Amino acid sequence: MKIVAAKKLLKANDRLAAENRKKLSAAGVVCVNIVGSPGAGKTTLLEALFAALGGRARPAVIEGDIAGAIDAERIERLGVPVVQINTDGACHLDAGMIAAALADLDLEAVDLLFIENVGNLVCTAGFDLGEQLRVVVLSTVEGDDKAVKYPAIFQGSDALVITKADLLRHTNFDPARITADYLRLAPDGRVFQVCATTGDGIPPVVQWLGGDRHET
Ligand code: MG
Ligand code: ZN
């Protein structure tokens, strides 16, 4: 019997992630790993970001899902290049999957590459994909206690995007509480509050992602 320790697998993942990172930066691509629960609004956030980018930066998307291509179809409708990864049951993306997906993208034609991870606040935290930025998406209906309950995914992330801000008045979600908890875990992290369906709060996110920097 051969037993492969989880530690060894993670080491292999880190090696592949480093290769992805090298390839992306050589092509001048900023890569953003979008993580969050199912239904947090990750795809809707992407749609809003692309509408606000207005052609200033050339985006592309790698969609991670256990099954299906519903989100990829939404992205495709916007004319944004997209590669769908189906994990066949795996609850997170790993660097090897991203390496395969990168081969299907023309990186020279991309400025901003978004990886929409499988909806999951737990084990997505353990897998570096080779991204430059990790963004946690948390909706107001999920509760303001998630940073305390799922610290690993927030720890070391670069931004927290609070979505569904329009529903705040229907919940007891306290943005100040999650912000304080988040900044304890990610002192350099940025916090944004948005309503992606109306576009409220989206421009500062675009600016932070460097959408303005790519203006030609
Ligand atoms: Mg989605
Ligand atoms: Zn997993």
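Up top you'll find the structure we're talking about.
Given the structure is predicted, the values throughout are model-derived calculations rather than measurements. (Residues numbered from 1 in each chain as written. Chains lettered and ligands numbered in written order. Predicted model: local features only at pLDDT ≥ 70, side-chain atom pairs only at ≥ 80, totals over all residues. Heavy atoms only, no water.)

Asks: Talk me through the nonpolar core; I want residue IDs and the actual numbers.
Replies: With 30 residues, the main nonpolar core has Val32, Leu46, Leu49, Phe50, Val61 and Phe114 as its most contacted residues. Secondary-structure elements contributing two or more residues to this core are β1 (30-36), α2 (42-53), α3 (70-77), β4 (112-116), β5 (133-139), β6 (159-163) and α8 (202-208). A total of six residues in this core trace back to one element, the largest contributor, which is α2. Residue contacts for Phe114: discarding those within four places in its chain leaves Val32, Ile34, Leu46, Leu49, Phe50, Pro59, Ala60, Val61, Ile62 and Leu209. (Core = buried A, V, L, I, M, F, W, Y, C linked by side-chain atoms within 4.5 Å. Buried < 20%, exposed > 50% of the residue type's maximum accessible area, 1.4 Å probe, protein only. Helix = DSSP H or I, 4+ residues; strand = E, 2+ residues; numbered from the N terminus. Contact = heavy atoms within 4.5 Å.)

Asks: Give me empty space enclosed by the protein: which residues, what numbers.
Replies: Under the defined criterion, the tally for this structure stands at one cavity of 30 Å³ or more. Lining the largest cavity are Val32, Ile34, Leu45, Leu49, Phe114, Val135, Val161, Val205 and Leu209. Split by residue class, the lining of the largest cavity holds nine nonpolar, no polar and no charged. (1 Å grid on protein atoms, 1.4 Å probe; cavity = no way out; pocket = protein on both sides within 12 Å on 5 of 7 lines; lining within 4 Å. Points joined across faces, edges and corners; volume = space filled by probe spheres on them. Nonpolar A, V, L, I, M, F, W, Y, C, P; charged D, E, K, R; others polar.)

Asks: Could you give me a rundown of the coordination of the magnesium ion (ligand 1), with the residues and numbers involved?
Replies: Each angle at a metal carrying four tetrahedral donors should ideally be 109.5 degrees, and each at a metal carrying six octahedral donors should ideally be 90 or 180 degrees. Ligation of the magnesium ion (ligand 1) by protein atoms is provided by Thr43 (OG1), Asp71 (OD) and Glu116 (OE), these donors lying 2.1 Å from the ion. Along the chain, the residues that donate to the magnesium ion (ligand 1) are spaced as T-x27-D-x44-E. Highlighted residues: Asp71 in helix α3 and Glu116 in strand β4, separated in sequence by 45 residues. Relative accessible area serves as the criterion here: at 13%, Asp71 is assigned to the buried category. (Donors = N, O, S within 2.8 Å, 3.2 Å for Na, K, Ca; no water.)

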